[in-house]
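Residue-level structure breakdown
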Amino acid sequence: MRNKYKSCGLDYDLIIEKFPDLNHYEETVNAYLDDEFFKDLKGMLENEDYAMAKDAVKGLYILASELCLFPLYEKLLEIYEDLEYEEYKNVMTHYDEMMVTYEKIRGIFNA
């Protein structure tokens, strides 16, 4: 189990300390990873609906932090910072990078 989590940059010891029941934790993470905002975010960014995208990303990064999904949290935070500071030129690159991390984490939980 430790190697499974470590394979995508998750801190197993921190997770097990905060969430002793790993079955419940994984169910919660799966529900989080199924959030429609992950799918809808690309369209929001492409349509330049930056206010909606900012709200969506904020909710996603807060939950990523609470679930100790720190690699995903960091990628979401990069997108949020682009939106917060209206630096849109790199937002799609940051989105693509976040999706790589998202898919990697999703792969270990939905294998």
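Values in this document were obtained by computation on a predicted structure and should not be read as measured data.

So, on to the nonpolar core. In terms of nonpolar packing, the biggest core is built from 38 residues, with Y25, Y32, L69, L72, L76 and M98 touching the most fellow members. For this core, the elements supplying multiple residues, two or more each, are α2 (12-18), α3 (22-33), α4 (36-46), α5 (50-66), α6 (70-84) and α7 (91-109). Broken down by element, this core gets its largest block of residues, eight residues, from α7.

Centre distance and the angle of the planes are the two values used to describe a pair of aromatic rings. For the structure shown, the criterion picks out 11 aromatic pairs. Note on Y25 and F109: the rings are 6.1 Å apart at their centroids and 65° apart in plane angle, and the pair reads as edge-to-face. Here Y25, found in helix α3, pairs with F109, found in helix α7; they are 84 residues apart in sequence, far enough to count as distant. The residues Y25 and F109 share a single accessibility class, namely buried. Ring centres 5.8 Å apart and planes at 70° place the aromatic pair Y61 and Y73 in the edge-to-face group. One end of the pair, Y61, is in helix α5; the other, Y73, is in helix α6, with 12 residues separating them in the sequence. Relative accessible area serves as the criterion here: at 14%, Y61 is assigned to the buried category. Looking at Y73, the relative accessible area reads 22%, which means it is partly exposed. Three or more aromatic residues link up through ring pairs in this structure, and these residues are Y5, Y12, F19, Y25 and F109.

Cut-offs and rules
- Numbering of residues begins from 1 in every chain and follows the order in which that chain's sequence is written.
- Under the rules for a predicted model, residues below a pLDDT of 70 receive no local features and side-chain atom pairs below 80 are neither given nor counted, while totals for whole chains, interfaces and linings still include all residues.
- No hydrogens and no water enter the side-chain calculation; it runs on all heavy atoms of the structure.
- The definition of a nonpolar core used throughout is a set of buried Ala, Val, Leu, Ile, Met, Phe, Trp, Tyr and Cys residues joined through side-chain atoms within 4.5 Å.
- Relative accessible area decides the class of each residue, using a 1.4 Å probe on protein chains only: under 20% of the type maximum gives buried, over 50% gives exposed, and in between gives partly exposed.
- Here a strand is any run of E in DSSP of at least two residues, a helix any run of H or I of at least four, and the numbering for each starts at the N terminus.
- Pairing of aromatic rings covers Phe, Tyr and Trp, the last counted by its six-membered ring, and requires centre-to-centre distances within 6.5 Å; plane angles under 30 degrees mean stacked, over 60 mean edge-to-face, and any other angle means tilted.

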